[in-house]
Amino acid sequence: MTAPGPTTAEQPWPVRTVTRKIADWINRLGAVWVEGQVTQISARPGTATAFLTLRDTSADVSISVTCSTQLVRGMEPPLTDGSRVVVHGKPSYYTGRGTLSLRVDEIRAVGIGELLARIERLRRLLAAEGLFDPRRKRPLPFLPRTIGLITGRASAAERDVLTNARGRWPAAHFRVINVAVQGTTAVPQVMTALKTLDADPDVDVIVIARGGGSVEDLLPFSDETLCRAVSACGTPVISAIGHEPDTPLLDHVADLRCSTPTDAGKRVVPDVAEETQRIRQLRDRTRRALHGWVDRERRLLDALRSRPVLADPFTPLQRRADDVTTLRDRGRREIKSLLGSEESALSAIRSRLTTLGPAATLARGYAVVQSVAEDGATSVLRSVDDAPPGTHLRVRLVDGAIRAVVPDDDTRERR
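Reading guide: rules and limits
Residues numbered from 1 in each chain as written. Predicted model: local features only at pLDDT ≥ 70, side-chain atom pairs only at ≥ 80, totals over all residues. Heavy atoms only, no water. Buried < 20%, exposed > 50% of the residue type's maximum accessible area, 1.4 Å probe, protein only. Helix = DSSP H or I, 4+ residues; strand = E, 2+ residues; numbered from the N terminus. Pairing = 2+ DSSP bridges. Right-handed = clockwise from strand over helix to strand, strands pointing away. Patch = residues over 30% accessible without salt bridge, like charges linked within 9 Å, V, L, I, M, F, W, Y side chains within 5 Å. Areas by Shrake-Rupley, 256 points an atom, 1.4 Å probe, with all protein chains shown as cover. Salt bridge = Lys/Arg side-chain N within 4 Å of Asp/Glu carboxyl O. Lys, Arg positive; Asp, Glu negative; His and termini not counted. Charge placed at Lys NZ, Arg CZ, Asp CG, Glu CD. Phe/Tyr/Trp six-rings, centres within 6.5 Å; stacked < 30°, edge-to-face > 60°. Lys NZ or Arg CZ within 6 Å of the ring centre and 35° of its normal. Axes fitted to C-alpha atoms, helices over the stretch in contact; angles between N-to-C directions. Expected span 1.5 Å × (residues − 1). Polar contact = N/O pair within 3.5 Å; in protein donor to acceptor, adjacent residues only side chain to side chain. Contact = heavy atoms within 4.5 Å. Parallel < 35°, antiparallel > 145°, perpendicular 65-115°, else oblique. Core = buried A, V, L, I, M, F, W, Y, C linked by side-chain atoms within 4.5 Å.

**A word on the pairing of strand β9 (residues 237–241)**
Among the five residues of β9, five are classified as buried, and the element is accordingly described as predominantly covered. Burial along β9 is two-sided: V237, S239 and I241 facing one way and I238 and A240 facing the other are all buried. Inspection of the sheet shows strand β8 (residues 203–210) paired to β9 by five bridges, in the parallel sense. Bridge pairing in β9 links A209 to A240. Considered for its hand, the β-α-β crossover made up of β8, helix α6 (residues 224–231) and β9 is right-handed.

**A word on a positive patch on the surface**
On the surface, a cluster of positive charge is made up of R16, R20, K21 and R28. As for its position among the elements, R28 is in the loop between α1 (15–27) and β1 (32–42). Exposure remark for R28: the relative accessible area of 60% places this residue in the exposed category.

**So, the packing of aromatic side chains**
The final tally for this structure, using the stated rule, is zero aromatic pairs. Cation over ring: R28 sits above W25, and NZ or CZ is 4.3 Å from the ring centre. A cation sits over an aromatic face here: R97 above Y94, 5.3 Å from the ring centre.

**Here we look at the sheet that holds strand β5 (residues 99–109)**
Ordered by their spatial adjacency, five strands build a closed barrel running β1-β2-β3-β5-β4, and the pairing between neighbours is mixed. The mean inter-strand angle of the sheet, taken between neighbouring strand axes irrespective of direction, is 55°. Across ten bridges, the pairing between strand β4 (residues 84–94) and β5 is antiparallel. The residue bridging G89 from the neighbouring strand is V104, located in β5.

**With respect to helix α9 (residues 272–306)**
When the terminal C-alpha atoms of α9 are compared, their 50 Å separation across 35 residues agrees well with the 51 Å that a helix rising 1.5 Å per residue should span. Near the N-terminus of α9, the side chain that reaches the backbone nitrogen of A273, with its oxygen 3.1 Å away, is that of D271.

**Structural notes on the sheet that holds β8**
A sheet is described by the order of its strands in space; here five strands give the open sequence β7-β6-β8-β9-β10, paired in parallel fashion. Edge positions in the sheet fall to β7 (174–178) and β10 (256–257), since each has one partner strand and no second. Note that strand β6 (residues 146–151) and β8 share five bridges and pair parallel. Within β8, the position partnered with G148 by the bridge is I206. Relative to the sheet, helix α5 (residues 186–198) contacts β6, β7, β8 and β9, its axis offset from that of β6 by approximately 175°.

**Structural notes on a nonpolar patch on the surface**
Where nonpolar side chains cluster on the molecular surface, the patch consists of W13, V18 and I22 and spans about 220 Å² of accessible area. On the secondary structure map, V18 appears in helix α1. Of the residues examined, V18 reaches a relative accessible area of 35% and is grouped as partly exposed.

**Examining the packing of α5 against α6**
It is at 10 Å that the axes of α5 and α6 come closest, and there the two elements cross at 10°. Taken as axis vectors, α5 and α6 run roughly parallel relative to one another. Contacts from V187, V190, M191 and L194 of α5 reach α6 at T225, L226, A229 and V230.

**Digging into the nonpolar core**
I150, I206, I208, V230 and V237 are the most contacted members of the largest nonpolar core, which totals 33 residues. With five residues, α5 is the largest single contributor of residues to this core. What I208 contacts, discounting residues up to four positions off in sequence, is I150, F221, V230, V237, I238, S239, A240, I241 and L250. By size, the runner-up hydrophobic cluster in this structure holds 19 residues, among which are L162, A172, L256 and V268.

**A word on the environment of D160**
Relative to the helices and strands, D160 resides in helix α4 (residues 156–168). Given a relative accessible area of 26%, D160 falls into the partly exposed group. Remark: the alpha-carbon pair of D160 and P261, spanning 101 residues in sequence, is separated by 6.0 Å.

**Regarding unusual backbone geometry**
The backbone of Q40 shows a phi angle near 55°, a positive value even though the residue is not glycine. With respect to the helices, strands and loops of the structure, Q40 is situated in strand β1. The exposed category is assigned to Q40, whose relative accessible area is 60%. Of note, A154 is a non-glycine position whose phi angle comes to about 55°, a positive value. For A154, a relative accessible area of 71% puts it in the exposed group.

Structure (structure tokens):
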């Protein structure tokens with residue numbers, strides 16, 4: 001039989017051809033080892049084939065598994081929903097129903113030691129990427145408007161968180177989303193709730209709470225996908241998983257790790273009694289500080305007011321006015337004395353000049369006559385008689401005194 005050629009609308013392949021080709025491709029894969037979490041176990045008595053579902057713990061992906069009933073019943077400890085296993089099988093495609101399944105011939109349970117080792121390897125990987133760095137931790141709000149709570153339905157963890165938070169702050173407002181906190185659906189439901197609360201603008205902090213349990217029960221909170229989702233969350237996250245000894249990887253990634261859900265209820269909101277007492281103490285301290293400051297300033301004002309300059313402010317002014325008057329009188333006296341002495345000196349000089357000057361001599365009837373010769377030589381005439389012959393003099397008398405003697409060609413007068 002020849003292989004069918006390319007398909008067209010006029011020459012389509014029949015369903016059997018498509019299913020056969022898909023089966024041929026899947027059969028080429030060969031046997032593989034697969035790890036996952038067992039759910040939906042169906043091993044009915046009297047049947048040779050058991051059916052179960054193998055689920056990926058980090059994603060919402062699953063595959064059907066078939067194996068012999070004896071293989072399932074021979075497991076120690078018995079397989080239960082949520083058990084982690086490693087299976088060896090070959091993918092098979094059933095052309096009749098068009099379904100894919102994994103035909104398993106060996107099942108190995110993953111022990112606690114191996115689980116813890118895997119968690120430790122994941123812890124080192126996340127720490128190397130910086131998801132545990134304290135510098136990434138965001139501070140919690142002092143008083144959140146709305147507290148997002150992710151926990152199991154009607155669980156003790158939910159009751160502990162709500163009771164302790166509202167006991168400390170009665171007005172605390174919660175938005176609670178109930179999810180599965182263990183088993184195969186825990187991680188997807190927690191991540192969906194986390195995304196919902198992170199998108200709510202009124203939610204200021206998110207609390208993920210769960211009570212104590214075995215290592216297998218707490219495995220969802222060490223899931224890599226969940227840890228990365230919490231690290232990328234924009235709202236601060238509080239981890240309150242299990243008891244004090246329980247430390248899933250979520251505790252390291254969250255912004256705050258609480259030992260128990262009760263501890264988370266106490267730390268997510270302040271204590272109204274403590275805050276009231278603190279406000280009262282601060283108010284008393286403020287009052288004392290204000291009273292002390294007022295008393296200190298009052299004493300300073302009293303000290304300033306008691307000083308003489310402020311007790312009688314006019315006396316210094318009067319004293320300065322008296323000093324100004326005294327200095328002014330002293331200056332006036334000094335100036336008058338200086339003027340008097342200068343006037344006396346000036347009078348003495350004036351008298352001396354009057355006595356020694358020619359005016360006094362002339363006032364007594366004397367005259368000083370100079371004779372000027374033709375060659376320009378001058379000489380003082382002590383008397384009219386000393387005038388050279390031929391000299392004409394004219395003497396002008398004023399009030400009986402000689403005021404001027406001048407040459408006169410016509411008259412010669414002598415006194």
